Amino acid sequence: MCGIVAYIGQREAYPVVLKGLKRLEYRGYDSAGVAIINNGLQVYKKKDKVAALEEYATSFDMRSPIAIGHTRWATHGEPCDRNAHPHVSGDGKLAMVHNGIIENYVQLKQELINQGHVFQSDTDTEVLLHFIEEIKKQNQCPLEEALRIALKRVVGAYVIVLIDADNPDTLIAARKGSPLVIGVGKGEHFLASDASPIVEYTKEVVYVNDYEIAIIKADELILKNISNERQTPYIQKLDIELAAIEKGGYDHFMLKEIFEQPQTIFDSLRGRLDAKKGTLTMGGIREYAEMLSKANRIIIVACGTSWHAGLIAEYVIEELCRIPVEVEYASEFRYRNPVVGPGDVIIAVSQSGETADTLVAIESAKEKGAIILGICNVVGSSIARLSHAGAYTHAGPEIGVASTKAFTAQLAVLCLVALKIASEKGSVSAQRFQHLLDELEQTSDKVATALKLDDQVKAIADKYKDARDFLYLGRGYNFPVALEGALKLKEISYIHAEGYPAAEMKHGPIALVDENLPVVIVATKDSYYEKVVSNIQEIKARKGKVIAIVTEGDQTIPPMADDVIFVPSADEIVAPIISVIPLQLLAYHIGVLKGFDVDKPRNLAKSVTVE
Ligand code: M6R
């Protein structure tokens, strides 16, 4: 949550930071602000998206070789100018941006109020800044030292970046629990919450670790740990291209990302699966493959769309590996004191690799002796780094807040992991193993075929866009697909939608069915097919409107349904990768037809780094 960008060097800093904030807007867009040093500290901030800040700033002299910027997803205090970052110290000399939450801010604030501090905002960030200022004043020490002392008392998660009007050639940053990347240029440095604001300037980056403090000048980067010991910055090469984070002619990132899926699925399998040779290589789990095959049980922890991918993986792993699997909301798993320990394998699924709930869930499971396998999209992310082993999904940067291509890549990689464990364990026949390799290899082409349904799905979207509620149903592997379809619709069209196992309908939700309720049923040919046909009849008997996703060639369901979408035939294990495509398109078109900003849905942020 919240995006941070900062720059120091020879360029004009404000345009670099502004552009970076636009790239990071997916992390939050309640307000935006910048601080520069130009005849002293100048701070400009505005409620709403970065564009509002940009317009506001046109009337000011924004020249400065140093700047910090922030785009906010509100936690403490409503979205408004006053609560926007950067915040300023009582003496007006320091400005700070922050991503994360200071959990003990109430206590710190009271102490500071007792010492005479006055606050302008409702934020925890301003409290931390005043706390640093107070320590600096009391100890008569440099800012870096005051920060170090302050952080030892702070409970919570943070990335912070500070500037000091008295030291205009230095940025100071610190990290715990939220991501911070430093781009290393020639005589310049770029700081950001992820690499997207940096990639067009330099490919050399340093990922700051938890409890590290960075002291950054135009031509110098010093990293220290919280005990003031110098650390050697580990410079890595970014492997993303600028094109990957731009819209490339599409109206929205979400649509671009939906249409990228044939390629991203291909990329997630590339170098791992060779159907002709009948081989499967998973470098990231090689050392753990035997241990995984002997696991007592596997617990998948994730949130949102990634949790849906985990639910499908549960079916796949139990079917192929015969290992018991539990799928947990990371937030619940962490706080209910779960029974977990040596012999358990935790699979953490996360696009961003930064989701706080998932991160803390695996931290505690790791402490208890479980083996952690990370399935992440963002290379070098916190979850990836905390895991013992894992596999990247290689879907490329996902900018649209509603996850699409990351989901199908997660499904593809989780299938590979299941097949790897199954072959190690000998729980899958050679014939079935080969068949599934073939099926996976064909998935990318089948997704391309499913994308040709776009116009048809758009027409269906137009027909149902004014519905008040939607029901999404599926059974077996398609039940989590129904959940995902409902989540996509809720997120970007603000229409109430529920996903249910089709058989559960008769235990309650069928009471909702009448001639006004569109029911999307994922009813592809699989081992549950006949049962789903009966469920469709139950809906039609109550005059519900059925939008059925069926397998090409199906002749049974189309006469019963109000609208039919045919998708290519596939083995039931890989079918969700294909059947979710029309659901993504349906949500997208309804959101657009209703006039909403589908890339930045209200109240949401891409990377949820608060618990
Ligand atoms: O980055 P993660 O995969 O860990 O994110 C988990 C959820 O926050 C995420 O999937 C969220 O539900 C998306 N907005 C879904 O479209």
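What counts and how
Residues numbered from 1 in each chain as written. Predicted model: local features only at pLDDT ≥ 70, side-chain atom pairs only at ≥ 80, totals over all residues. Heavy atoms only, no water. Core = buried A, V, L, I, M, F, W, Y, C linked by side-chain atoms within 4.5 Å. Buried < 20%, exposed > 50% of the residue type's maximum accessible area, 1.4 Å probe, protein only. Helix = DSSP H or I, 4+ residues; strand = E, 2+ residues; numbered from the N terminus. Domains from an automatic or database assignment. Contact = heavy atoms within 4.5 Å. Arc of directions from axis to C-beta. Pairing = 2+ DSSP bridges. Right-handed = clockwise from strand over helix to strand, strands pointing away. Axes fitted to C-alpha atoms, helices over the stretch in contact; angles between N-to-C directions. Patch = residues over 30% accessible without salt bridge, like charges linked within 9 Å, V, L, I, M, F, W, Y side chains within 5 Å. Areas by Shrake-Rupley, 256 points an atom, 1.4 Å probe, with all protein chains shown as cover. Salt bridge = Lys/Arg side-chain N within 4 Å of Asp/Glu carboxyl O. Lys, Arg positive; Asp, Glu negative; His and termini not counted. Charge placed at Lys NZ, Arg CZ, Asp CG, Glu CD.

(A) View of the nonpolar core. Counting residues in hydrophobic clusters, the biggest one holds 95 residues, and the most contacted among them are Ile298, Leu320, Ile347, Phe470 and Tyr472. Here this core gets twelve residues from one element, more than from any other, and that element is helix H13 (residues 405-425). Formed jointly, this core draws a minimum of three residues from each of two domains, domain 2 (247-442) and domain 3 (452-601). The contacts of Ile298, once residues within four sequence positions are left out, are Ile317, Ile323, Pro324, Val325, Glu326, Val345, Ile347 and Ile421. Within the second largest apolar cluster, 34 residues are counted, among which are Ala13, Tyr14, Val50 and Ile245.

(B) Quick peek at helix H3 (residues 105-114). Listed as buried for H3 are Tyr105, Leu108 and Leu112. All buried residues of H3 fall inside an arc of 65° around its axis, so they share one side. Summarising the geometry of H3, the exposed residues directed more than 90 degrees from the buried face are Val106 and Asn114. In this fold, the buried residues of H3 make contact with strand E6 (94-102), helix H4 (124-139) and helix H5 (143-153). Gly116 occupies a position one or two residues after H3 and carries a positive phi of about 100°.

(C) Summary view of the pairing of strand E21 (residues 371-376). Burial of E21 is extensive: six of the six residues sit out of reach of the surface. Relative to E21, strand E20 (residues 344-350) runs parallel, the two being bridged by six bridges. Bridging across to E21, Ile347 finds its partner in Leu373. As for the winding sense of the linkage, the β-α-β connection from E20 through helix H11 (residues 356-367) to E21 is right-handed. Relative to strand E22 (residues 389-392), E21 runs parallel, the two being bridged by four bridges. Bridge pairing in E22 links Leu373 to Ala389.

(D) Seen up close, the sheet that holds E22. Reading across from one edge, E19-E18-E20-E21-E22 is the order of the five strands in this open sheet, with parallel pairing throughout. At either margin of the open sheet sits one strand with a lone partner, and together these are strand E19 (325-329) and E22. Neighbour-to-neighbour, the strand axes of the sheet open up by a mean angle of 20°, direction not taken into account.

(E) A look at a negative patch on the surface. A cluster of like negative charges, contributed by Glu103, Glu363, Glu367 and Glu611, occupies part of the molecular surface. Within the element layout of this structure, Glu363 appears in helix H11. The exposure class of Glu363 is partly exposed, given its relative accessible area of 31%.

(F) Molecular detail of the side chain of Asn535. Looking at where Asn535 falls in the secondary structure, it is placed in helix H17 (residues 529-540). Residue Asn535 is classed as buried on the basis of its relative accessible area, which comes to 3%. Excluding its chain neighbours within four sequence positions, the residues that come into contact with Asn535 are Arg475, Ala502, Ala503 and Met505.

(G) Expanded view of the domain arrangement of the protein chain. Taken as a whole, the protein chain is organised into domain 1 (3-242), domain 2 (247-442) and domain 3 (452-601). Between the C-alpha centres of domain 1 and domain 3 the distance comes to 44 Å.

(H) Examining the sheet that holds strand E25 (residues 518-522) more closely. Spatial ordering of the open sheet is given by E24-E23-E25-E26-E27, a layout of five strands whose pairing is parallel. In this open sheet, the two strands that pair with only one neighbour each are strand E24 (496-501) and strand E27 (563-567). Along the sheet, successive strands turn relative to each other by an average axial angle of 20°, direction set aside. Where E25 and strand E26 (residues 545-551) come together, five bridges link them in parallel fashion. In the sheet register, Val520 faces E26, and the bridge partner there is Ile547. Contacting strand E23 (469-474), E25 and E26, H17 crosses the sheet at an angle of about 175° to E25.

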